[in-house]
Every structure is written in structure tokens, then in C-alpha cells.
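Geometric and topological summary
What follows is each chain in one-letter form.
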Amino acid sequence: MDESPGSAGVADSTHLVVLEAVNKHFGDLHVLKDIDLTVAKGEVVIVIGPSGSGKSTLCRAINRLETIDSGTIKIDGVTLPDEGKPLARLRADVGMVFQSFNLFAHKTILENVTLGPIKVKGTPKAQAREEAMALLERVGVANQADKYPAQLSGGQQQRVAIARSLAMKPKVMLFDEPTSALDPEMINEVLDVMTDLAKEGMTMIVVTHEMGFARKAANRVVFMADGAIQEEATPEEFFTNPQSERAKDFLSKILTH
Ligand SMILES: Nc1ncnc2c1ncn2[C@@H]1O[C@H](COP(=O)(O)OP(=O)(O)OP(=O)(O)O)[C@@H](O)[C@H]1O
Ligand SMILES: [Mg+2]
């Protein structure tokens, strides 16, 4: 066996994220077409595909930043509620890291990480600070705690964004192209944090074209095109032997780019 996390199925684990027949339109545009996707606890799934294929919309739907037209999305067995407190609670189970770091500019790094636990979860301040410092330590930016986001590099800010998400103790983490806005030398420091997270057993759905990360950390690659899942395979299978013409075409473009 190779060193990758291996075969696509983690069959005996619980299903943490389950999408069934999910459809979403933006006006006339059918952006998510009958999406069925099950992610097991501890599984790392890479979502890959051409621009406009619906990857971000899929992530946003799982976090309920976008509504869906039909189908169901369950997180740890609970259907995503429409609104109100139950939604806030469930959303806390789903951490999200975006391409743009989305930190609060007028708050320090430490405050960025403690805000959610204090405001949303009612964590006592001292405890929130202690946990935040441990997380900042883990992502390698504890020495920046009292600075403001603009004083940090992009890679540091993205690692803070990851720490901020983790502070909510999510059951699953969504990453939407977390390294695509970063200068090349900063990409690896973020991918390393994500790889560690994967190794520690975090359930992750990651939109990325970083094949090295996919090979190292992913259990499964989901290839999307035109709003539909076209194929799913292990990273090794997908990158060496894609089945559909769309996937072959897509890979030839990102490999030569
Ligand atoms: N709020 C919106 N209103 C209308 N159309 C939208 C909206 N958000 C996304 N779209 C459209 O939905 C389709 C899917 O977009 P989405 O952002 O999910 O694609 P993507 O796969 O993430 O692309 P990229 O690789 O460029 O990030 C695109 O055609 C996009 O233009
Ligand atoms: Mg996108």
C-alpha cells in the first residue's frame, strides 16, 4: 500500500455530511444538478473542476450561506434548518475558510479567534483566550496574537482564519480555494496546516487544484463540471486515470498550466 489515506470508502464510519438530490438555480442557471455526496467522519474530500462548475456554491450550500431549491443536506444526521438559532448552532458545526481571509480588520488576531466562541457559544473569555492561543500556536502564529490582520502576511492571515474556524470546534471544515490568493511561497505553510488537520482526523471538504495536497491528504477526489458530479475516485486514480473526457480535458489544462 502507498502512504496515501487509501481507498475511497471509509465504510464503517458515520456519515457526517450527506447531500441527497440537491438542486440549486440562480435564475435560469442550474448551478447544482442532483448532487449526491456523502462524506464520512474523518474523510478528506477534494472538490475539483473548471471555473463556474459550482464548487463554491456547493460549499456555500453545505454551510447554508446559500439556500437550495430541492434535496436535503444533513450534517451529522441533522437536516440543515432554514433559519434562527438552530441554524446558527448547526452552522457552528461547519467551519469555512475562504479564498479571501475574511478576518475582522479592526480586531486583533486573538480577538478574531475568540469572538465566535464568546459571542456564539458563550465560552468564558479567559477560556476562549486560552483555547485561541493554543490554536494560534498550532497554526504557527501565536507570536502575532496582538497584531491586526493587515500587519500579517497572506499566509499568516489564512492560518489565523483556519484557527478562527477551529475555535468553534466544528465537526467538518470546508475550504474554498484557501491558497489561490496567496503568493507561491506562502501556499505550503497553509497546506501544511491543512495536512496536519487531515492527519488528526478532521473531516474536510476542500476545493483546491493543489494536487500535491490532494495526493498527500485526500481520501477522495470529486470532479465537478456544469453543476454536476462527473466522477469520484481516489486522488491516485483520478490524476493518473481520469475516466470522463471532461476530467481528462480539465487535467490536461491544469497540468500544463
Ligand atoms: N450569487 C450568484 N448569482 C448568480 N449567479 C451566481 C451566483 N453565484 C454564482 N453564480 C454562478 O453560478 C455558477 C457556479 O458558480 P460557483 O462560484 O459555484 O463556481 P466555482 O466552481 O466555484 O467557480 P470558480 O472555480 O471560478 O470559483 C457560475 O456560473 C456563477 O457565475
Ligand atoms: Mg469558486
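Data block above holds the structure.
Report follows, based on the coordinates. (Residues numbered from 1 in each chain as written. Chains lettered and ligands numbered in written order. Predicted model: local features only at pLDDT ≥ 70, side-chain atom pairs only at ≥ 80, totals over all residues. Heavy atoms only, no water.)

1. Description of the overall build of the chain
When its secondary structure is counted, the chain shows 9 helices and 10 strands. In terms of overall size, the chain behaves like a compact globule, its C-alpha atoms giving a radius of gyration of 18 Å where 257 residues would be expected to give roughly 18 Å. Each of the three principal axes of the chain carries a C-alpha extent, and together these read 55 × 40 × 40 Å. Within the chain, residue pairs in contact and separated by at least 24 positions form 67% of the contacts whose partners lie at least 6 positions apart. Side chains of the chain give 28 positive and 35 negative charges; the mean places of these two sets differ by 7 Å. (Helix = DSSP H or I, 4+ residues; strand = E, 2+ residues; numbered from the N terminus. Rg over C-alpha atoms; globule rule 2.2 N^0.38 Å. Contact = heavy atoms within 4.5 Å. Lys, Arg positive; Asp, Glu negative; His and termini not counted. Charge placed at Lys NZ, Arg CZ, Asp CG, Glu CD.)

2. Points about the packing of helix 5 (residues 154-166) against helix 6 (residues 184-199)
In contact at an axis separation of 8 Å, helix 5 and helix 6 are set at 20° when each is read in the N-to-C sense. Between helix 5 and helix 6, the crossing angle belongs to the class labelled roughly parallel. In terms of crossing hand, the pair formed by helix 5 and helix 6 is right-handed. Along its contact with helix 5, which presents Gly-154, Gly-155, Gln-156, Gln-158, Arg-159, Ile-162 and Leu-166, the element helix 6 presents Met-186, Glu-189, Val-190, Val-193, Met-194 and Leu-197. When grouped by side-chain class, the residues that make up the contact of helix 5 with helix 6 number 7 nonpolar, 4 polar and 2 charged. (Axes fitted to C-alpha atoms, helices over the stretch in contact; angles between N-to-C directions. Parallel < 35°, antiparallel > 145°, perpendicular 65-115°, else oblique. Left-handed = near helix turned anticlockwise from the far one by under 90°. Nonpolar A, V, L, I, M, F, W, Y, C, P; charged D, E, K, R; others polar.)

3. Brief notes about the pairing of strand 8 (residues 203-207)
The element strand 8 is extensively covered by neighbouring structure, given that 5 of its 5 residues are classed as buried. What you see with strand 8 is no split at all: Thr-203, Ile-205 and Val-207 on one side and Met-204 and Val-206 on the other are buried throughout. Where strand 3 (residues 44-48) meets strand 8, 4 bridges bridge the pair, whose relative direction is parallel. For Val-45, the partnering residue across the bridge sits in strand 8 and is Ile-205. Handedness of the crossover joining strand 7 (residues 172-176) and strand 8 through helix 6 is recorded here as right-handed. (Buried < 20%, exposed > 50% of the residue type's maximum accessible area, 1.4 Å probe, protein only. Pairing = 2+ DSSP bridges. Right-handed = clockwise from strand over helix to strand, strands pointing away.)

4. A word on helix 2 (residues 84-92)
Taken as a whole, helix 2 has its buried residues at Leu-87, Leu-90 and Ala-92. Contact partners of the buried residues in helix 2: strand 4 (70-75), strand 5 (78-79) and strand 6 (94-97).

5. Re the site of ligand 1
Near ligand 1, the surroundings consist of Phe-26, Leu-29, Val-31, Pro-50, Ser-51, Gly-52, Ser-53, Gly-54, Lys-55, Ser-56, Thr-57 and Glu-177. At 2.6 Å, a side-chain N or O of Ser-51 approaches an oxygen atom of ligand 1. Secondary-structure elements contributing two or more residues to the shell around ligand 1 are strand 2 (29-40) and helix 1 (55-62). For the shell around ligand 1, the element with the most residues is helix 1, which contributes 3 residues. Partitioned by chemical class, the residues of the shell around ligand 1 number 4 nonpolar, 6 polar and 2 charged. (Near = heavy atom within 4 Å. Polar contact = N/O pair within 3.5 Å; in protein donor to acceptor, adjacent residues only side chain to side chain.)

6. Notes on the sheet that holds strand 4
The antiparallel open sheet is built from 4 strands, whose spatial order is 2-1-4-5. On the outer flanks of this sheet lie strand 2 and strand 5, each paired with one strand and no other. With 8 bridges joining them, strand 1 (residues 15-26) and strand 2 adopt antiparallel strand pairing. From the neighbouring strand, His-15 faces strand 2, where its bridge partner is Ala-40. In the packing of helix 1 onto the sheet, the strands contacted are strand 1, strand 2 and strand 4, and the crossing angle to strand 2 comes to about 60°.

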